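# Structural characterization, general
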Amino acid sequence: MTAVTIIITVLGVTASLTLYRVIFGPTSWDRLIAVNLISSKVIMIMVAAAVFFERRIYLDVALVYAIIGFVSIIAISKFLEGEGTGKK
Amino acid sequence: MIAYLFIFLGLVFMFFGTLGIIRFPDIYTRLQTSSKCDTAGAVALLVGLMVREGLNLFSLRILIILIFLLLTNPVATHAIARSAAIRGIKPWLKKKNIKGE
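Report on the accompanying structure. The numbers attached to residues start from 1 for each chain and follow its sequence in the written order. Note on labels: chains are lettered from A, ligands numbered from 1, in written order. For this predicted model, a pLDDT threshold of at least 70 governs which residues receive local features, and a threshold of 80 or more governs which side-chain atom pairs are given and counted, while totals over whole chains, interfaces and linings are taken from all residues.

Right, let's get into the overall build of chain B. Every helix listed is a DSSP run of H or I at least four residues long, and every strand listed is a run of E at least two residues long, numbered separately from the N terminus. Counting its secondary structure elements, chain B contains 4 helices and 0 strands. Each helix (α) and strand (β) of chain B, taken in turn from the N terminus, gives the series α-α-α-α. For 101 residues, the compact-globule estimate of 2.2 N^0.38 gives 13 Å, and the C-alpha radius of gyration of chain B, at 18 Å, exceeds that figure by more than 25%. Within the span of chain B, comprising 101 residues, buried residues form 34% of the whole. Our contact criterion uses C-beta atoms placed from the backbone: two residues qualify when those atoms are within 7 Å. Pairs at least 24 apart in sequence give 65% of the contacts found in chain B among residues at least 6 apart. Using C-alpha atoms as the atom set, the radius of gyration is obtained and then compared with a globule rule of 2.2 Å times the number of residues to the power 0.38. Burial in this document is a count-based property: other C-beta atoms within 10 Å of a residue's C-beta are tallied, and the residue is buried at 20 or more, exposed at 12 or fewer, or partly exposed in between, with C-beta positions derived from the backbone.

Let us look at the overall build of chain A. For chain A, the helix and strand inventory stands at 3 helices and 0 strands. Starting at the N terminus, the α and β elements of chain A follow one another as α-α-α. For 88 residues, the compact-globule estimate of 2.2 N^0.38 gives 12 Å, and the C-alpha radius of gyration of chain A, at 16 Å, exceeds that figure by more than 25%. For chain A, the spread of C-alpha atoms along the principal axes amounts to about 50 × 25 × 10 Å. Going through the 88 residues of chain A one by one, you find that 36% of them count as buried. Partitioning the contacts of chain A with sequence separation of at least 6, the portion at a separation of at least 24 is 43%.

To continue, consider unusual backbone geometry. Residue and element names in this part refer to chain A. Of note, the phi angle at Glu-54 is positive, near 60°, even though the residue is not glycine. Summarising the element assignment, Glu-54 is placed in the loop between helix H2 (28–53) and helix H3 (57–81). Look at Glu-54 and you get exposed, because 10 C-beta atoms sit within 10 Å.

As a further point, take the interface of chain A and chain B. How big an interface is tends to be stated in terms of the accessible area lost upon association of its parts. Taken residue by residue, the interface counts 35 residues in chain A and 34 residues in chain B. The set of elements that each furnish at least two residues to the side of chain A that touches chain B consists of helix H1 (3–24), H2 and H3 of chain A. When residues in the side of chain A that touches chain B are grouped by element, the largest group, 13 residues, is from H2(A). Following the grouping adopted for this structure description, the nonpolar residues are Ala, Val, Leu, Ile, Met, Phe, Trp, Tyr, Cys and Pro, the charged ones are Asp, Glu, Lys and Arg, and the polar ones are all others, Gly among them. When its residues are assigned to classes, the side of chain A that touches chain B shows 23 nonpolar, 6 polar and 6 charged.

The next subject is the nonpolar core. Membership of the largest hydrophobic core comes to 43 residues, with the highest contact counts inside it found for A:Val47, B:Leu46, B:Leu49 and B:Ile80. At 12 residues, the largest contribution of residues to this core is made by H2(A). In this view, B:Leu49 contacts A:Val47, A:Ala48, A:Val51 and B:Ile62; residues no more than four positions away in its chain are not counted. Defined on buried residues, the nonpolar core groups Ala, Val, Leu, Ile, Met, Phe, Trp, Tyr and Cys residues joined through C-beta atoms within 7 Å.

Residue and element names in this part refer to chain B. Among the structural elements, Ser-35 can be located in helix H2 (residues 27–53). Judged by local crowding, Ser-35 falls into the buried class, with 21 C-beta atoms found within 10 Å. Separated by 46 residues in the primary sequence, Ser-35 and Ala-81 have C-alpha atoms spaced 11 Å apart. Those residues in contact with Ser-35 that sit more than four places away from it in its chain are Asn-73, Pro-74 and Thr-77.

Without other data, these values stay purely geometric and don't point to any function.
Spelled out as structure tokens, the structure:
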């Protein structure tokens, strides 16, 4: 069992456990926190795969994924700040 | 060896951050563990991968991702907490404290 197998397994299992909060979260902000955490873990998996498998292109994919995740988190939290949750 | 030490530290941070996300009772406490998991775990794991790779152009690109994550994750956490506070989410309190007052 090599190091990359352990890294990707631990990150994948913890990301799957975080998915519990996405499904059963009581409010929308809980789901937003969990999605932010899953995106961060996916970036870690991509960088680990890029280093251990020597695929240099995965780093660019990870950088673009980080930028898109940040912009979407800011946009959704600004959206939830005003109207739009459906509750009074 | 140092690289694997850093990677192990990052994985431990990731595991306990996930445990906090599942077990904690409130938005703000969950945000606290999520922020630790994002910054400390990601920085430790990426530093470990940089040490394993050595000093070249490839590890410089990992450093760019690390600096970007270090700048943007606290901003995202603060934005979520600010929007929850503006919408009027109350922080979680123990019932013993409420009865005592």
